[in-house]
Each structure stands twice: as structure tokens, then as C-alpha cells.
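Take a look at the letters that make up each chain.
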There are 2 protein chains.
Amino acid sequence: MKLGRLNHIGIAVPSLAEAAARHAQLHGAEAVGAPIEMAEQGVRLCFVDLPNGQIELLEPLGALSPIHGFLARNPAGGQHHLCYEVPAIEAAHDWFVEQGARILGPIRTGAHGTPIFFIHPKDMGGVLTEIMEAPRHG
Amino acid sequence: MKLGRLNHIGIAVPSLAEAAARHAQLHGAEAVGAPIEMAEQGVRLCFVDLPNGQIELLEPLGALSPIHGFLARNPAGGQHHLCYEVPAIEAAHDWFVEQGARILGPIRTGAHGTPIFFIHPKDMGGVLTEIMEAPRHG
């Protein structure tokens, strides 16, 4: 198993509108995508395009959002997770399970429309890690 | 002012040896660089090459290392900072000062041998941010 490119860095924010405005100033207005609601995952998000990857800005959506706990500990927001691409999600899932890594929830569809899963930060050196099947281009 | 590519993601770790071994397993042994000591910044570090950027693993070096406080709050380690490239460090520094951002310490030489400075996370949506003059290639 070898992870592929870094797809995005997830950043939790108390206000998506404020964070999007700040990132537009830093990276150009054209770099900031439209907000996306993922109700079942409890997040409202937008992507910011960098020359070599993306930032995913995450705002809590709904009372049960997993972002609430993070923002309670980090009220200003902060780095929440890293997401790496793999060619095949099932093979990656099996490999991490074999290593004894704790998988958080089922394989599900992520914000880019491909299957993803999350690995517990305690099994990834403190970093909440998302594994994402790479989008097929062309 | 527009930030350039994401140069690296800084991750604080309690043990550089353990973190380097885990990243060698995830990204390939050839991706993990040799440890570098930066005594004046209180860190021992190594870079991990990703297809589209780098991870910087940071272990505290010396009693006054700024990483001790982070690891006291996050004993397993975790995401510590993001570093963006700019073409000219003085112009970037002046721009952030004009915006009222709090700059942490002087412009100094970073691990890639080019000038860098850090911006307080409170002025960057909770994300400790390093600004780095891009290395000149060719």
C-alpha cells in the first residue's frame, strides 16, 4: 500500500462565509468554490484551489455535526484532517484494517463524489486522515 | 498579494523516528528525508515527499522548543502549521503587516534555506501559517 497525492487539507471554521472571504483574499476569488451541504455528514463546506492541491473549509451543519466538538476545543478553527488519494478504496480499506487501524464509520461517498473513509488519529500519529478513491479523469 | 503553492504541512510528533517509520510505510521509504536539526528554532525535523508537496515532521529539540507546548495539548502529535510559498518574502511580510496580522518573530532562514516568517493563528482562521520565499530552481 502506498498513498497517492494529497487531495486536500480539511480546516474547521466557525463561519464558512468569513473563511471563504479570507481565502479569496489570500488565494484569489476564483480559487474559492461554491458552498456544498453534506447533511448526513454534518458539514457545510467549500473547496479552495491551490496550485498543487485544495483546502476544504468545513463549517458545522446541524446539532450532531462532528465539527462542533473540534470548534469547542479550537474556537478560532484549525487544521482538522488530511486527505490522501488511493487508486482503489476497498484495497486501501482492507490494508488499513490488516494493520489494525481503527476505521471511523463505513466507506461512504465524499465531497468529490468518490468513496472515502476516515482513520482514527490515534493510529495516524495524531492526524485524522481521510482516504479517498481518486476521481477518474478523462 | 496572492499566496503560491502549498510548500508543506507541518506535523508535530513526539518521536521523529517513529513518525518517519510510519510515513515510510505509507509513502515509500524513498520519500522520507534525513533528519535535520535546527537548534535555534528548537526543532528536529524531516521532510516527507508527496507527489504534490511535502509533510514536515517536527520533534521538539531542547528545553525551550515551541513544540513542547503543542505536544502537551496534543500528546499523540498533530497538524501544527501550513506553509505557503511567495516569490518575495519582504513584500509578503509588508502586506501581512499592513493587514494587521501579527507576525511571530523576525524573518529568518527556514529548513529549505530560504527566508520565512510565521503568522499568528488568530489572524489566519486558527491556522499557524508559515510564509516561505520559494526556492529558485534552475
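Residues numbered from 1 in each chain as written. Chains lettered and ligands numbered in written order. Predicted model: local features only at pLDDT ≥ 70, side-chain atom pairs only at ≥ 80, totals over all residues. Heavy atoms only, no water.

- Where an unreviewed UniProt entry is consulted, chain A appears under the name Methylmalonyl-CoA epimerase, with the organism given as Sphingomonas morindae.
- UniProt's Sequence similarities (unreviewed entry) comment on chain A is quoted here verbatim: "Belongs to the methylmalonyl-CoA epimerase family." (UniProt positions renumbered as here; feature names shortened; annotations may be inferred.)

## A closer look at the sheet that holds strand S8 (residues 129–133) of chain B
All names here are of chain B.
Here comes step 1: Within the open sheet, the 8 strands sit side by side as S2-S3-S4-S1-S5-S8-S7-S6. Their pairing is mixed. Only two strands of the sheet have a single partner each, and these edge strands are strand S2 (36–38) and strand S6 (103–109). Between one strand axis and the next, the sheet turns through 25° on average, direction left out of account.
Here comes step 2: As paired elements, strand S7 (residues 115–119) and S8 share 4 bridges and run antiparallel to each other. When the sheet's bridge partners are listed, Ile 116 is paired in S8 with Met 132. (Pairing = 2+ DSSP bridges. Helix = DSSP H or I, 4+ residues; strand = E, 2+ residues; numbered from the N terminus. Axes fitted to C-alpha atoms, helices over the stretch in contact; angles between N-to-C directions.)

## Let's talk about the UniProt feature "domain: VOC" (unreviewed entry) in chain A
Here comes step 1: Here, the residues flagged by UniProt with the feature "domain: VOC" (unreviewed entry) are residues 5–134 of chain A.
Here comes step 2: The span residues 5–134 of chain A is 22% helical and 40% strand by assignment, and the distance between its end C-alpha atoms comes to 9 Å.

## Here's the deal with the sheet that holds strand S8 (residues 129–133) of chain A
Residue and element names in this part refer to chain A.
Here comes step 1: Pairing is mixed across the open sheet formed by 8 strands, whose spatial order is S2-S3-S4-S1-S5-S8-S7-S6. Of all the strands in the sheet, just strand S2 (36–38) and strand S6 (103–109) have a single pairing partner and so form its edges. Pairs of neighbouring strands in the sheet enclose a mean axial angle of 25°, with direction left out of account.
Here comes step 2: With 3 bridges joining them, S2 and strand S3 (residues 43–50) adopt antiparallel strand pairing. Pairing of Ile 36 across the sheet is with Leu 45, part of S3.

## Describing the pattern of salt bridges
Residues and elements named next belong to chain A.
Here comes step 1: Under the definition given, this model contains 12 salt bridges over all chains.
Here comes step 2: Taking the shortest distance from any N to any O, the salt bridge between Arg 5 and Glu 85 comes out at 2.9 Å. Here the residue Arg 5 occupies a position in the segment before strand S1 (6–12), and Glu 85 occupies one in strand S5 (residues 78–86), the gap between them amounting to 80 residues.
Here comes step 3: Judged by relative accessible area, which is 11%, Glu 85 ranks as buried.
Here comes step 4: The residue Glu 133 makes a salt bridge to Arg 136 at a minimum N-O spacing of 3.7 Å.
Here comes step 5: When its relative accessible area of 69% is taken as the criterion, Arg 136 is described as exposed.
Here comes step 6: Here the salt bridges do not stand alone but share partners, grouping Glu 37, Arg 44 and Glu 59 into one network. (Salt bridge = Lys/Arg side-chain N within 4 Å of Asp/Glu carboxyl O. Buried < 20%, exposed > 50% of the residue type's maximum accessible area, 1.4 Å probe, protein only.)

## Describing the relation of the copies chain B and chain A
Here comes step 1: Between chain B and chain A, which share one sequence, the superposing operator has a rotation angle of 180° and an axial displacement of 0.0 Å; the RMSD is 0.0 Å. Such values leave the two copies arranged in the relation of a two-fold axis. (Least-squares fit on C-alpha atoms with pLDDT ≥ 70 in both.)

## Some thoughts on the interface of chain B and chain A
Here comes step 1: Counting residues at the interface gives 35 residues for chain B and 35 residues for chain A.
Here comes step 2: Carbon and sulfur atoms make up 58% of the surface buried where chain B meets chain A, a total of about 2800 Å² over both sides.
Here comes step 3: In terms of surface lost to chain A, no three residues of chain B exceed Leu26(B), Asn52(B) and Gln79(B), which account for 24% of the buried area on that side.
Here comes step 4: Summed over the shared surface of chain B and chain A, the result is 2 salt bridges.
Here comes step 5: Glu30(B) serves as the salt-bridge partner of Lys2(A), at 3.0 Å between the closest nitrogen and oxygen.
Here comes step 6: In this structure, the connection of chain B to chain A is made through 12 residue pairs in polar contact (both at pLDDT 80 or more).
Here comes step 7: At the level of elements, strand S1 (6–12), helix H1 (16–27), strand S4 (53–60), strand S5 (78–86) and helix H3 (89–98) of chain B are the ones that each hand at least two residues to the side of chain B that touches chain A.
Here comes step 8: In terms of residues, the side of chain B that touches chain A owes the most to one element, S5(B), which gives 6 residues. (Contact = heavy atoms within 4.5 Å. Buried area = accessible area lost by both parts, 1.4 Å probe. Polar contact = N/O pair within 3.5 Å; in protein donor to acceptor, adjacent residues only side chain to side chain.)

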